[in-house]
Amino acid sequence: SFDVVEDGDGDGDEIGRESRWRLRDGGGGMNEGQEQAIFSLFALVKSPLMIGADVRTLAGHSLETYLNKEVIAINQDPLGKRGRRVRQDGDVQVWVVELANGDTAAVLLNGGSEQTVDIQLSWTEAGIEPPKTPMVVRDLWQHKDIGTFEGSFTAKDVDPESAVVLRLRRDKLMPTFV
């Protein structure tokens, strides 16, 4: 199993310059979901994306994880805002960040090690106004738009020690009144 632990002066909800995050690995390496979860969080908080492995020998899900251009784009977004945790309920965490083009990125993390969970993201906690705005939700690990939702989105059956990474953009076909 793995855990993300914070070193430094931050409060854990927003990672400041003094904070450092590191991975505590149980020693057996990481599976695909764990790698994606860690990479997703590091990307969202704008941590340098470094790989502690010989990149010449990476293959399979490790290579796919570290080459995911959509997740890397969150890390490299020109607005430069760092993601922040907006909710923690036991092992479930929800992190969000505003992007330069007005989109919002979110990481829905199931940090538990035993069961799948449904994780809801509300537009209010994501800072999207007005709260009933139609948003196109894209899954960045699946590389596909899931659909258009108003007010919230629920990721179903998020595997243990895994994360779903979403990009939310305003539905250009729907009028927006602020």
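Whatever comes next refers back to the structure up there.
Starting afresh in each chain, residues are numbered from 1 along the sequence in its written order. Local features in a predicted model are, by the rule used here, given only for residues with pLDDT of at least 70; side-chain atom pairs are given and counted only at 80 or more, and totals for whole chains, interfaces and linings are based on all residues. The side-chain quantities take in all heavy atoms of the structure and omit both hydrogens and water.

## So, the layout of surface pockets
Phase 1 of the analysis: A pocket here means an open set of points on a 1 Å grid, computed over the protein atoms alone, that has protein on both sides within 12 Å along at least five of seven lines. A cavity is instead a set of points where a 1.4 Å probe fits but cannot get out; residues with an atom within 4 Å of a point line either one. Grid points are joined across faces, edges and corners, and a volume is the space filled by probe spheres set on the points. Here the second largest pocket is characterised by a volume of approximately 340 Å³.
Phase 2 of the analysis: Around the second largest pocket, the lining comprises 17 residues; the ones closest to its centre are Gln36, Gln142, Asp159, Ala163 and Val164.
Phase 3 of the analysis: Secondary structure counts use DSSP, requiring at least four H or I residues in a row for a helix and at least two E residues in a row for a strand, with both numbered from the N terminus. By residue number, the principal contributor to the lining of the second largest pocket is strand E9 (residues 152–158), which donates five residues.
Phase 4 of the analysis: Residue composition of the lining of the second largest pocket, grouped by class: eight nonpolar, four polar and five charged. Note that Gly is not counted as nonpolar here; it falls among the polar residues with everything else outside the nonpolar set of Ala, Val, Leu, Ile, Met, Phe, Trp, Tyr, Cys and Pro and the charged set of Asp, Glu, Lys and Arg.

## Brief notes about the packing of aromatic side chains
Phase 1 of the analysis: Pairing of aromatic rings covers Phe, Tyr and the six-membered ring of Trp, with a centre-to-centre limit of 6.5 Å; geometry is then stacked below 30 degrees between planes, edge-to-face above 60, and tilted otherwise. Going through the model one piece at a time under the given rule, you end up with two aromatic pairs.
Phase 2 of the analysis: Between the aromatic rings of Phe39 and Trp141, the centroid separation amounts to 6.5 Å while the plane-to-plane angle is 55°, which identifies the pairing as tilted. On the criterion of sequence distance, the pair formed by Phe39 in helix H1 (residues 32–44) and Trp141 in the loop between strand E7 (134–139) and strand E8 (144–150) is long-range, its members being 102 residues apart.
Phase 3 of the analysis: Where Phe149 meets Phe153, the ring centres are 5.0 Å apart and the plane angle is 75°; that geometry is what we call edge-to-face.

## A closer look at the nonpolar core
Phase 1 of the analysis: To qualify as a nonpolar core, a set must consist of buried Ala, Val, Leu, Ile, Met, Phe, Trp, Tyr and Cys residues joined through side-chain atoms within 4.5 Å. Buried means the residue's accessible area, taken with a 1.4 Å probe over protein chains only, is under 20% of the maximum for its type, while exposed means over 50%, and partly exposed covers the values in between. With 20 residues, the main nonpolar core has Leu44, Val71, Ile74, Trp95, Val97, Ala105 and Val107 as its most contacted residues.
Phase 2 of the analysis: Mapped by element, the contributors of at least two residues to this core are H1, helix H3 (69–75), strand E4 (92–98), strand E5 (104–110) and strand E10 (162–170).
Phase 3 of the analysis: Of the residues forming this core, the biggest block, five residues, is contributed by H1.
Phase 4 of the analysis: We call two residues in contact when some of their heavy atoms are within 4.5 Å. If we ignore the near neighbours within four places in the chain, the residues touching Val71 are Phe39, Ser40, Ala43, Leu140 and Trp141.

## Structural notes on H1
Phase 1 of the analysis: Helix length check: H1, at 13 residues, gives a terminal C-alpha distance of 18 Å against a target of 18 Å (1.5 Å per residue), a fit within 8%.
Phase 2 of the analysis: Judged by how many residues are buried, H1 sits mostly within the fold: 12 of 13 residues are covered.
Phase 3 of the analysis: Residues Gly33, Gln34, Glu35, Gln36, Ala37, Ile38, Phe39, Ser40, Leu41, Phe42, Ala43 and Leu44 constitute the buried set of H1.
Phase 4 of the analysis: Nitrogen and oxygen atoms within 3.5 Å of one another constitute a polar contact, given that in protein one can donate a hydrogen and the other can accept it, and given that sequence-neighbouring residues count only through two side-chain atoms. N-cap assignment for H1: the residue whose side-chain oxygen lies 3.0 Å from the backbone N of Gly33 is Asn31. In this scheme, a helix's expected span is set at 1.5 Å multiplied by one less than its residue total.

## Brief notes about the side chain of Asn75
Phase 1 of the analysis: With respect to the secondary-structure elements, Asn75 resides in helix H3.
Phase 2 of the analysis: One polar contact links the side chain of Asn75 to the main-chain carbonyl oxygen of Ala43, over a distance of 3.5 Å.
Phase 3 of the analysis: At a separation of 2.9 Å, a polar atom in the side chain of Asn75 contacts the main-chain carbonyl oxygen of Ser47.
Phase 4 of the analysis: The residues touching Asn75, leaving out its near neighbours within four places in the chain, are Phe42, Ala43, Lys46, Ser47 and Leu49.

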